[in-house]
Amino acid sequence: MGPGFMVLPDCPGAQEIIAEHVAAGAQVVPHASGRPWLVGSWTPSAVTLAAAGSTLLAVIGRCPLPVGELEQLAGRIQRLSDAGRVLAPLRGSCHLALSLPGRVRLHGSASGLRRVFRTQVAGVTVAADRADLLAALTDAPLDAQTLALRVACGLQLPYPANAVTMWSGITAVAPENAVEWDGSQVREITWWKAPEPVLDLSEGAEVVREALLAATAGMRPESGRLSTDLSGGMDSTSLAFLTAREVPDLLTFRWGEAESGNDDAQFAEFARKELDRADHLVVPQDELPDMFAAPGAPVPGDLPSPLTRATARIRHSAALLAGHGSVRHLAGHGGDELFCPMPGYLHGLLRRRPLTAVRHVRAHCALRRWPLRPTLGELLRPGTVTGWWTEQAERLTDPRPPRRLPPLGWGLGPMRAPSWVTPDAADLARTALRDTAEHAVPLADDIGAHQTLLVVRSNTVTYRLLSGLYAEHGIELESPYLDDRVLDAVLRVRPYEHAGPWRFKPLLTEAVAGLVPEQVRNRTTKGEFGEDVRRGLRRHLPAVLELLGPDSELASRGLIDPFELRARLTGPQADNAAVQALENLLGCESWLRAAHRPTTGSALSALSAVSSPSAAAQEA
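Residues numbered from 1 in each chain as written. Predicted model: local features only at pLDDT ≥ 70, side-chain atom pairs only at ≥ 80, totals over all residues. Heavy atoms only, no water.

Engineer: Go over the packing of aromatic side chains, please, and point to the residues and values.
Structural biologist: Inspection of every chain in the model, using the stated rule, returns three aromatic pairs. Both rings, one in F339 and one in Y481, keep their centres 5.8 Å apart while their planes meet at 80°; by these two values the pair is edge-to-face. With F339 in helix 10 (residues 335-339) and Y481 in the loop between strand 17 (476-478) and helix 17 (484-491), this pair connects stretches of sequence that are 142 residues apart. For F339, a relative accessible area of 1% gives the class buried. For Y481, a relative accessible area of 0% puts it in the buried group. R313 extends its terminal NZ or CZ atom over the ring of W255, reaching a point 5.1 Å from the ring centre. The ring of W502 carries the charged tip of R359 above its face, separated from the ring centre by 4.8 Å. (Phe/Tyr/Trp six-rings, centres within 6.5 Å; stacked < 30°, edge-to-face > 60°. Helix = DSSP H or I, 4+ residues; strand = E, 2+ residues; numbered from the N terminus. Buried < 20%, exposed > 50% of the residue type's maximum accessible area, 1.4 Å probe, protein only. Lys NZ or Arg CZ within 6 Å of the ring centre and 35° of its normal.)

This is the structure in structure tokens:
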């Protein structure tokens, strides 16, 4: 199952849970009372512990402060209400757990990359960083409605619906919320709010620059090598140069290109020459597994993976990196989400600077072929979050819109179920969308900021699963752009200041001025990777169709029509919608097969063998 942890309250019932459900080899860090607090399995570098009297702090993930400073912070906390103020310097990309006598607090990261889930066991609320841990603990049944929703909507499905757990009774805690226990009583409180967007581009670039430097500092592992992607794209190449300031002997990695028009190689070669103290690993296309190779291979995680076309390739890459000594790898995930604002920013611009907004709209319509009249109509009638989700429910089985309309509302674009989704599955998914409509709230007051947070949280669901593929080879996957300090910095910039059709990622470009070579900063293109996807699907389509045939898990549950699926995939393709939906479908099928394999032992038996307890945990 991979590494993971649970947090238990400081109450008598917690000890019984451990005795009944947790294997003897699991790591346990106690409260000051001696009762179990943190339980699970983690590598020595994954958990940083500090104590000041009976106050205990645990940073799970990369700790942004030395242990000595962590202990000082712990000494300033007398009650749970002190935590938000005192622990502000611990913003980064980590889980933060606090234990006081009889009181406990836990939260993840605002980006959603570090999640928290909760459930009840024998009347005691338990939290964890993985929903499947809690499902195993409670023998929770699969939620048919959530499964149908993922089958019907797939990659189109945004946050919060794509973050709902796959099991009944296992609750996903919103990233902005913390779980607090007072004895056995539990509540959720808000620990984070999106900052007000008040900075212009120049001011924002300075703030983002400081956040990026902090997020990429201290990355060198105590043993083993640090590696980073170096695709030649703006995001990964910028990270490589920022990281090389402290770790010039890092290892860079990239895949060779299959697309003749992809100019990533030119920029990657330039960057390679500039990073002359680094080692560079380039894997040619003919040495990589095909896209869609081994389509039924399970991906570890508590959700079906939408990464199935590249799973074999990612695993191969992680094995190569591990063979070259890497134990920590940096990826540029989050760069597109943060530095390419969605067009919802036009709402704020229209209110503040209407003439500038009209100029932006005209340029978007000309360059991206937006229909002018419907675009203006959307801007004049932004609607509500509830209305957007309700519309998706009502139109789930409608034909796709005939024209490409920009996502100017509170979502990421229209959701339509593929033709192979059965009526029963569509009905279940429609009910789930209506449930989402009842509870959905804006993530920020400004639609532009809301959309930025929406796309970040929608994609971190996938990036959590990706880290599991690297962990199989003993590599920690880090995404500095998704550090909460970077997220906060970007959200403080008025979205329209760094959006528009004329410049490519201007906020990032300005933020790394003087740190990244001008040739990289001035790049205005983005690599295309469609050819290797098309080629891989042609080669592996028979295996894909066999996996998703009449005896598949999805067909046996009445969620897909395998004959319609075959007809759709073997016929002409007007666009890539079917391929995108297929990738999600494969993830659902392989996840279901893996989730229903017979298991033995207690809920944490698989975790106990991952690593030995850290020295800090042993001392605690």
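Once the structure has been displayed, the description carries forward.
Engineer: Can you lay out the sheet that holds strand 9 (residues 124-128) for me, pointing to particular residues and giving the numbers?
Structural biologist: Within the open sheet, the six strands sit side by side as 2-3-1-9-8-10. Their pairing is antiparallel. Here the strands that pair on one side only, and so sit at the sheet edges, are strand 2 (27-30) and strand 10 (171-173). Across the sheet, the mean angle separating the axes of adjacent strands is 25° when strand polarity is ignored. Across three bridges, the pairing between strand 8 (residues 116-121) and strand 10 is antiparallel. When the sheet's bridge partners are listed, R118 is paired in strand 10 with T171. (Pairing = 2+ DSSP bridges. Axes fitted to C-alpha atoms, helices over the stretch in contact; angles between N-to-C directions.)

Engineer: How would you sum up the packing of helix 20 (residues 530-547) against helix 23 (residues 577-595)? Please name residues and give values.
Structural biologist: When two helices pack together, their arrangement is captured by the angle between the axes and the distance separating the axes. Orientation of helix 20 relative to helix 23, taken along the N-to-C sense of each, is 45°, at an axis distance of 12 Å. Between helix 20 and helix 23, the angle is such that the two are oblique. Once helix 20 is placed against helix 23, the crossing between them reads as left-handed. Where helix 20 abuts helix 23, its residues V533, L537, V544 and L547 lie against V579, L582, L586, E589 and R593. Looking at the contact of helix 20 with helix 23 residue by residue, the classes come out as seven nonpolar, no polar and two charged. (Parallel < 35°, antiparallel > 145°, perpendicular 65-115°, else oblique. Left-handed = near helix turned anticlockwise from the far one by under 90°. Contact = heavy atoms within 4.5 Å. Nonpolar A, V, L, I, M, F, W, Y, C, P; charged D, E, K, R; others polar.)

Engineer: Could you give me a rundown of unusual backbone geometry, with the residues and numbers involved?
Structural biologist: Here the residue pair Y159 and P160 is connected by a cis peptide bond, since its omega of 5° sits within 30 degrees of zero. Relative to the helices and strands, P160 is located in the loop between helix 5 (144-153) and strand 10. For A294, which is not glycine, the phi dihedral falls at a positive 45°. Assignment of secondary structure puts A294 in the loop between strand 15 (279-283) and helix 9 (311-323). Judged by its relative accessible area of 47%, A294 is partly exposed. For R369, which is not glycine, the phi torsion reads 60° and is therefore positive. Position of R369 among the secondary structure elements: in the loop between helix 12 (354-368) and helix 13 (372-380).

Engineer: Could you give an account of the nonpolar core, naming the residues involved and the relevant values?
Structural biologist: Nonpolar side chains in soluble globular proteins tend to end up buried together. Formed by 148 residues in total, the largest nonpolar core has its most connected members in M6, V126, V151, W389, L433, L554 and I560. Looking at this core element by element, the count peaks at 11 residues for helix 16 (residues 447-471). Judged by nonpolar contacts, the second largest core, of 20 residues, contains V29, V104, A127 and V173. (Core = buried A, V, L, I, M, F, W, Y, C linked by side-chain atoms within 4.5 Å.)

Engineer: Can you lay out the side chain of T422 for me, pointing to particular residues and giving the numbers?
Structural biologist: Looking at the secondary structure, you find T422 in the loop between helix 14 (385-394) and helix 15 (423-439). For T422, the side chain forms a polar contact with the main-chain oxygen of G558, separated by 2.5 Å. What T422 contacts, discounting residues up to four positions off in sequence, is G558, L559, I560 and D561. (Polar contact = N/O pair within 3.5 Å; in protein donor to acceptor, adjacent residues only side chain to side chain.)

Engineer: Pulling in residues and values, what's your account of the side chain of T48?
Structural biologist: Here T48 shows up in strand 4 (residues 47-52). T48 has contacts with L57, A58, V59, C63, V67 and L70, leaving out every residue within four places of it along the chain.

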